[in-house]
Amino acid sequence: MYSPFHQLRKPVDQQNALENVSQFPAHLVPGRTIAAAAVNEDSCEFGSPKYFALCGLGGIVSCGLTHTLVTPLDLVKCRLQVDPAKYKNLINGFKVTMADEGARGLAKGWAPTAMGYSIQGLGKFGLYEYFKILYADLLGEENAYYWRTSLYLAASASAELFADIGLVPLESIKVKIQTTPGFANTMREAVPKMLKQEGASAFFKSLVPLWMRQIPYTMMKFACFERTVELIYAHVVPKPRADCSKGEQLIVTFAAGYIAGVFCAIVSHPADTLVSKLNQEKGASSVDVLKKIGFGGLWKGLGPRIIMIGTLTALQWFIYDSVKVTLNIPRPLPPTPPKAKSE
């Protein structure tokens, strides 16, 4: 592996420590080889199948949990997008929903949300780590460093392309439940009705708009996060990451995640509105929706979405990094210039 920030081998100092275990005098700690225990803390080898599986698990926890927790906010946001005459703003949207359906109405669509975004999180994070290593290998050490932003963008776009195929049927069910009054209250009710009315296409007709929403979102989410982390450690935190406690590192993760989330919400919002309208209106195409709502209509609900996505993205990165810390998954340091260029 040639990547300067994702090496498939142990770091040099860690390798040397392992190789020099036998040089420690045996009488210091009879019957034990403490050097190996001290340096071999990772639960898996970086870039191994187990590594990708554990990263995928972290994605399941971070995406599935966070999206499910913000279901009420997501529900109101979707209703603002599809019926702005009734739901005038975020606060009014909550009030109208509570008046019409009670507190339980705010939880509509939680089941497809939990399932869909868990599947998406598996692909988003697990495949991102895979493609990042793959593309870094193809580029070589020097190019992988100097073109790292493009590498982050390419790896995240590739991961999201596959992750959304697993998300789209459940996202369609969720939006239908949340935005079509009287259609269904649960996933069990919604699925047979959707099949009867539109067939299997009901679950996949919004795949392209979903790609339009999610791929730019994910590209911004990963590239902006990775570069923001670099900048925070370089210009804000007064010491290298290696010298920071795990708690301090997680604070940096949360801050970088929130900054990335704000940009994510802005670049992906028009497509998000399009997805909501497509799943609300039976038989409508993207062109039909665009003609009906116009360019301005694509930006309805942006304020609530910035709040939701900013918080969501920050929490997802925080949870994902926490899973890595808890499970001792390798966490490479921020990238540094290749040695030949930095000396």
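Quantities reported herein were computed from a predicted structural model and do not represent experimental measurements.

Novice: I keep staring at the packing of helix H4 (residues 71-82) against helix H5 (residues 90-101) and nothing clicks. Help me out?
Specialist: What describes two packed helices is the angle between their axes and the distance between those same axes. Contact geometry for H4 and H5: axes closest at 9 Å, N-to-C directions at 100°. Viewed along their axes, H4 and H5 adopt a mutual orientation that is roughly perpendicular. For the pair H4 and H5, contact is made by Pro72, Leu73, Leu75, Val76, Arg79 and Leu80 and by Leu90, Gly93, Phe94, Thr97 and Glu101, respectively. Looking at side-chain class alone, the contact of H4 with H5 contains seven nonpolar, two polar and two charged residues.

Novice: Can you help me understand the packing of aromatic side chains in this one?
Specialist: One pair of aromatic rings is described through two measures. These are the centre distance and the angle between the planes. If you walk through the whole model with that rule in mind, you get 16 aromatic pairs. Residues Phe46 and Tyr51 carry aromatic rings whose centres are separated by 4.7 Å and whose planes lie at 50° to one another, so their mutual orientation is tilted. According to the relative accessible area criterion, Tyr51 is buried, its value standing at 0%. Centroid distance Tyr145 to Tyr146: 4.8 Å. Interplanar angle 85°. Geometry classified as edge-to-face.

Novice: I tried to follow the side chain of Asp321 on my own but got confused; where do I start?
Specialist: With respect to the helices and strands, the residue Asp321 is situated in helix H13 (residues 302-326). One polar contact links Asp321 to Thr253, side chain to side chain, over a distance of 2.8 Å. Leaving out residues up to four positions away in the same chain, Asp321 has contacts with Leu250, Thr253 and Arg331.

Novice: Just to check I follow, could you spell out the side chain of Lys324 for this structure?
Specialist: Within the element layout of this structure, Lys324 appears in helix H13. Accessibility expressed as a relative area gives 7% for Lys324, which makes it buried. Residues within four places of Lys324 in sequence aside, it is in contact with Tyr51, Cys55, Glu129, Ile329, Pro330 and Arg331.

Novice: For this particular structure, what's the right way to read the environment of Val61?
Specialist: Secondary-structure assignment places Val61 in helix H3 (residues 49-69). For the pair Val61 and Tyr320, spaced 259 residues apart in sequence, the C-alpha to C-alpha distance is 7.4 Å.

Novice: I'm lost on empty space enclosed by the protein in this one. Help?
Specialist: Any space left empty among the atoms is revealed by the rolling of a water-sized probe across them. By the definition in use, this model includes three cavities of 30 Å³ or more. By volume, the largest cavity is sized at about 390 Å³. Lining the largest cavity are 25 residues, with Phe225, Glu226, Val229, Arg241 and Pro332 positioned closest to its centre. The set of elements that each furnish at least two residues to the lining of the largest cavity consists of helix H6 (110-139), helix H10 (207-235), helix H11 (246-280) and H13. When residues of the lining of the largest cavity are assigned to their parent elements, the largest contribution, five residues, is made by H10. Of the residues assigned to the lining of the largest cavity, the class counts are 14 nonpolar, three polar and eight charged. The volume enclosed by the second largest cavity comes to roughly 160 Å³. His67, Tyr117, Arg213, Met308 and Ile309 are, among the 20 residues lining the second largest cavity, the residues nearest its centre.

Rules used throughout
Residues numbered from 1 in each chain as written. Predicted model: local features only at pLDDT ≥ 70, side-chain atom pairs only at ≥ 80, totals over all residues. Heavy atoms only, no water. Axes fitted to C-alpha atoms, helices over the stretch in contact; angles between N-to-C directions. Helix = DSSP H or I, 4+ residues; strand = E, 2+ residues; numbered from the N terminus. Parallel < 35°, antiparallel > 145°, perpendicular 65-115°, else oblique. Contact = heavy atoms within 4.5 Å. Nonpolar A, V, L, I, M, F, W, Y, C, P; charged D, E, K, R; others polar. Phe/Tyr/Trp six-rings, centres within 6.5 Å; stacked < 30°, edge-to-face > 60°. Buried < 20%, exposed > 50% of the residue type's maximum accessible area, 1.4 Å probe, protein only. Polar contact = N/O pair within 3.5 Å; in protein donor to acceptor, adjacent residues only side chain to side chain. 1 Å grid on protein atoms, 1.4 Å probe; cavity = no way out; pocket = protein on both sides within 12 Å on 5 of 7 lines; lining within 4 Å. Points joined across faces, edges and corners; volume = space filled by probe spheres on them.

So, to be careful, I would describe these as geometric facts and stop short of saying anything about function.
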